Amino acid sequence: MTGETPATAKRMAPPAPGIPGPRPPGRDDLSLPGPGHDPGTYRPALLAMLEARSVALVGASSRPGSLGERMVAEVSRSPAAPRIYPVNPRYRQIAGLTCHPSLADLPETVDLVLFGVPDSALAEQLSLAARRGDRSAVIFGGAYEIPDAAPDTAGLRARLASTASAAGMALCGAGCMGFVNVAYGLRAVGYVEPDPLPAGPVALITHSGSVFSALLRSRRELGYTLLVSSGQELVTPAAAYARYALSLPQTRVLGLVLEAIRDPALLQQVLAAASAADIPVVLLTAGSSAAGRAMVAAHSGALAGQDASWEALAGAYGVHRVSDFAEMADTLELFAIGRRPAAAAGTATATPAAGTATPAAATGIATVHDSGLERAHTADLAHELGVPFAAISDATRKRLTAVLDPGLEAANPLDMWGGSRDAEHQLTESLAALADDPAVAAVALAVDLLTEFDGDRSYSLAASAAARRTAKPLVVLASIAAAVDPAEATWLRRAGIPVLESTRSGLLALRHLLDHAARPARTDAPRIDAARRDHWARVLAQGEPDGTTLFGLLQAYGIRATRACPAGTAGGALAAAAEIGYPVVLKTAEPGIAHKSDAGGVVLGIGDPAALAAAYAGLASRLGPRVLVCETAGPGTELALGITRDPDLGPLVVLGAGGLLVEFLADRAVALPPVDAPQALRMLGRLRVAGLLAGVRGQPPADTAAVAGAVVAVSAIARELGDELEALDINPLICGPAGAVAVDALAVRR
């Protein structure tokens, strides 16, 4: 999986659907549009950057170990052999190349400028490049703004972004490691990286330079099409590089390590294209999104939390979110090998990949162990992580029994160690038998892969032999990364067998593999009801809606709500209760009280007129005379359902534990509209309180189909009225055997 491909060998296979291909060979017209160009495309300047034919190195040097010296050395190693122009007034020649005093002295405008200069010189040098018509740049320095120490750095990042944007330049950084385009053959870095670069199917875009180098220099035999350390993304966002990566026919896995969403529309386009092309996207996020920093009056915003936008994107496009770098490395390696379980009917990848023979009935993994304790530990951990073991057939059990030592149980997970001298044969046949079982989607040899001081290679040879007999994914699942024999791991990886380096991260990687095969196909968004939308947009435009108006809104979208009558006097409240029927609930309806329970504005279980009169008197004296008299809802589990607005993605649907504990339990699922009924049920299944809906202590189960229907209805509100609403709360939504009923609602207009 190592060795860079020639620059001319890559381009003509079709890219991912919905993603324009890279420029065809021989196309020299890279003229840039003017300042009014569409910033969402970042083309053709990005092509000029990533496929540069000419590169200027500002700050080039011959001083050993300097950034300037490394820039020259790394770019000079590029198989694409771009024209290289060192720039530094202190030198006449560097590494056999003519060195120019200034960018102004170059014989041509260039596709790419690398800036290895102090922050204080960045603004001037980038302005010169922009005036010359240079097409793109990489800024390695952090562009730190410390005006007390360096007056020229005040507002530096904004000035750099403005200069590059106005000139239509693509800009990588500031504060980055640069990039390597392995598929094209270009090294645009200022740090020493492997030579040759490892070529393969993974594209990696990361905000972190440390992650860039760590994964590029990994011993894991990962090969790449493109790696970009995008840094601060002053101009060009991660999504633009990812779109280019998907246009490369060699890219079959996309890795993203991101701290923030920039250009959300383009990012969604990229994720949709990757999903359509069956290209797994592995995402690691760090830091908080803008949604978490914005405080809103509704519970739904606090309930969604700082991670809402990432969760919504991942759910909408089948992105595989990982929690740490160990899980990311294992998952990238597993996807990069190219073997996949077959997808069941109705999923996004229902047609098996060419050359696979995995039946659609595959439901879980199988593992083979040489330790009873490690077998039990793996089973415990798989249960905790939600990784299913396949229920193997009687025929498979008979095959296993035929090769195992007496006394060993033919089961999944399988402990096959009996001390036999024929262990390699037993391992091979056990792995092959499990791989042949229709219920098994992937097989793991779960051993420590230690350095064997007697030279025994039974594990590696058995895994390799079994892998040749199946098209299913077959991996080695190690327990302790530091105990893995590096030479054996390298041998296995070069034989096409991933070595997953810990039980937890490896099981999580296998779960991502199963999830990818089972992810549902995206469906068309339902039709917008223009008449309904326009009516309720006019209603919301008239002012903050009261409780009865909000209940009317919910009912218009098909959400059941308790009967409610407004009142402003004790007599009015008594008349409303007589119409509704006791027992009733009394709530304050005074404007400006967002959370009625927190203010002591809700009285439950009022059973007669005298109790109602007393309750009204108490509310009116403390909070004001306006109230709602409401029907008492039947028993059920309380959920919270609503809409919160993410600054990047717009309205999000939030479902979680409801009632008084809505924010304290932090039990929620977030989705990007539109949400259909199956997706709503999956959201519900992710909640810890979902178990209560199944019925506990003899209680009947709730009508989960009705709950899903309410979620779908809120999704429709988000799509049709999202421009009018900052937030919407239904809390509680009482869910019982008779359905789901909205008991209280709050809306915050934009």
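Up top you'll find the structure we're talking about.
I will try to describe carefully the structure that is included in this document. (Residues numbered from 1 in each chain as written. Predicted model: local features only at pLDDT ≥ 70, side-chain atom pairs only at ≥ 80, totals over all residues. Heavy atoms only, no water.)

1. Quick notes on the overall build of the protein
Per the secondary structure count, the protein includes 25 helices and 29 strands. Evaluated residue by residue, the protein yields a buried proportion of 55% over its 750 residues. For the protein, contacts bridging at least 24 residues in sequence account for 71% of all contacts bridging at least 6. Entry remark: accessible area of the protein is about 29,500 Å², with carbon and sulfur atoms responsible for 54%. (Helix = DSSP H or I, 4+ residues; strand = E, 2+ residues; numbered from the N terminus. Buried < 20%, exposed > 50% of the residue type's maximum accessible area, 1.4 Å probe, protein only. Contact = heavy atoms within 4.5 Å. Areas by Shrake-Rupley, 256 points an atom, 1.4 Å probe, with all protein chains shown as cover.)

2. Regarding the pairing of strand S10 (residues 199-206)
For a regular strand, side-chain orientation follows a simple rule: the groups alternate between the two sheet faces. In terms of burial, S10 is a largely internal element, seven of the eight residues being buried. The sheet contact formed by S10 and strand S11 (residues 224-229) spans six bridges and is parallel. Opposite Ala199, over in S11, you have Tyr224 as the bridge partner. Taken together, S10, helix H5 (residues 209-216) and S11 constitute a β-α-β crossover, and its handedness is right-handed. Pairing analysis gives five bridges linking S10 to strand S12 (residues 253-258), with the strands arranged parallel. Bridge pairing in S12 places Ile205 opposite Leu256. (Pairing = 2+ DSSP bridges. Right-handed = clockwise from strand over helix to strand, strands pointing away.)

3. Things to note about a negative patch on the surface
Negative charge collects at one region of the surface, where Asp422, Glu424, Glu452, Asp454 and Asp456 lie side by side. Secondary-structure assignment places Glu452 in the loop between strand S17 (440-446) and helix H15 (458-467). (Patch = residues over 30% accessible without salt bridge, like charges linked within 9 Å, V, L, I, M, F, W, Y side chains within 5 Å. Salt bridge = Lys/Arg side-chain N within 4 Å of Asp/Glu carboxyl O. Lys, Arg positive; Asp, Glu negative; His and termini not counted. Charge placed at Lys NZ, Arg CZ, Asp CG, Glu CD.)

4. Description of the sheet that holds strand S21 (residues 584-588)
Here we have four strands laid out as an open sheet, ordered S20-S23-S21-S22, and antiparallel in their pairing. Two strands lie at the open edges of the sheet, namely strand S20 (564-567) and strand S22 (602-606), each paired on one side alone. For this sheet, the mean angle separating the axes of adjacent strands, direction not counted, is 20°. Two strands pair when backbone bridges link them, and S21 and strand S23 (residues 627-631) are joined in this way by five bridges, in the antiparallel orientation. The residue of S23 that forms the bridge with Val585 is Cys630. Strands in contact with helix H21 (residues 609-622) are S21, S22 and S23; relative to S21, the strand with the most contacts, it is inclined by about 10°. (Axes fitted to C-alpha atoms, helices over the stretch in contact; angles between N-to-C directions.)

5. Looking at helix H14 (residues 423-436)
For H14, which comprises 14 residues, the first-to-last C-alpha distance of 20 Å matches the rise-based estimate of 20 Å (1.5 Å per residue) to within 8%. For H14, a buried count of 11 out of 14 residues is recorded, marking the element as mostly surrounded by other parts of the structure. Among the residues making up H14, those that are buried are Ala423, Gln426, Leu427, Thr428, Glu429, Ser430, Leu431, Ala432, Ala433, Leu434 and Ala435. Buried residues along H14 sit against strand S15 (364-369), helix H13 (394-403), strand S16 (414-415), S17, H15 and strand S18 (474-477). (Expected span 1.5 Å × (residues − 1).)

6. Topic: the pattern of salt bridges
The full count for this structure, using the stated rule, is 34 salt bridges. Here Arg77 makes a salt bridge to Asp195, at a shortest N to O gap of 3.6 Å. You can see Arg77 sitting in the loop between helix H2 (67-76) and strand S2 (83-87) and its partner Asp195 sitting in the loop between strand S9 (186-189) and S10, a full 118 residues away along the chain. Here Arg77 falls in the partly exposed class, since its relative accessible area comes to 35%. Residue classification places Asp195 among the partly exposed residues on the basis of a relative accessible area of 48%. Between Arg493 and Glu501 there is a salt bridge, with the nearest N and O atoms lying 2.9 Å from each other. Across the pair, exposure class does not vary: Arg493 and Glu501 are buried alike. Residues joined by salt bridges that share partners form a network here, namely Arg219, Arg220, Asp330, Glu333, Arg493 and Glu501.

7. Points about the nonpolar core
Judged by nonpolar contacts, the single largest core of 68 residues is most densely connected at Leu112 and Leu114. A per-element tally of this core places helix H6 (residues 238-247) first, with eight residues. Discounting residues that sit within four places of it in the chain, Leu114 has contacts with Val55, Ala56, Leu57, Val58, Met71, Val75, Val138, Phe140 and Ala188. Residues Ala537, Val689, Val707 and Leu733 belong to the second largest nonpolar core, which totals 49 residues. (Core = buried A, V, L, I, M, F, W, Y, C linked by side-chain atoms within 4.5 Å.)

8. Considerations on the packing of aromatic side chains
Two aromatic rings are characterised by how far apart their centres lie and by the angle between their planes. In this structure the tally under the stated criterion is zero aromatic pairs. Arg457 extends its terminal NZ or CZ atom over the ring of Trp491, reaching a point 4.5 Å from the ring centre. (Phe/Tyr/Trp six-rings, centres within 6.5 Å; stacked < 30°, edge-to-face > 60°. Lys NZ or Arg CZ within 6 Å of the ring centre and 35° of its normal.)

9. Concerning the environment of Thr470
The residue Thr470 is located in the loop between H15 and S18 in this model. The exposure class assigned to Thr470 is buried, which follows from its relative accessible area of 13%. Sequence spacing of Thr470 and Ala432 is 38 residues, and the spatial spacing of their C-alpha atoms is 7.2 Å. In contact with Thr470, other than residues within four places in its own chain, are Arg339 and Ala435. In terms of polar contacts, Thr470 uses its side chain to reach the backbone amide nitrogen of Lys472, at 3.0 Å. (Polar contact = N/O pair within 3.5 Å; in protein donor to acceptor, adjacent residues only side chain to side chain.)

10. Observations regarding the sheet that holds S17
Hydrogen bonds along the backbone pair up the strands of a sheet, which may run parallel or antiparallel. In spatial order, the strands read S16-S15-S17-S18-S19; together these five strands make up an open sheet with parallel pairing. Looking at the sheet topology across the chains shown, the edges are occupied by S16 and strand S19 (499-500). Bridge analysis of S15 against S17 gives six bridges, and the strand direction is parallel. When the bridges of S17 are listed, Ile365 appears paired with Ala442. The strands touched by H15 are S17 and S18; relative to S18, the strand with the most contacts, the crossing angle is about 160°.

11. A few points about the packing of helix H23 (residues 677-685) against helix H25 (residues 704-721)
Between H23 and H25, whose axes approach to 8 Å, the crossing angle comes to 110°. Relative to H25, the element H23 is oriented roughly perpendicular. On H25, the residues that touch Ala677, Ala680, Leu681, Met683 and Leu684 of H23 are Thr704, Val707, Ala708, Val711 and Val712. Class assignment of the residues belonging to the contact of H23 with H25 gives a composition of nine nonpolar, one polar and no charged. (Parallel < 35°, antiparallel > 145°, perpendicular 65-115°, else oblique. Nonpolar A, V, L, I, M, F, W, Y, C, P; charged D, E, K, R; others polar.)

12. Some remarks on the side chain of Glu333
Its location among the elements puts Glu333 in helix H11 (residues 325-336). Judged by relative accessible area, which is 5%, Glu333 ranks as buried. Ignoring sequence-local partners within four residues, the contact set of Glu333 consists of Arg220, Leu222, Arg493, Pro498 and Val499.

Shape is all these values report; function is a separate question.
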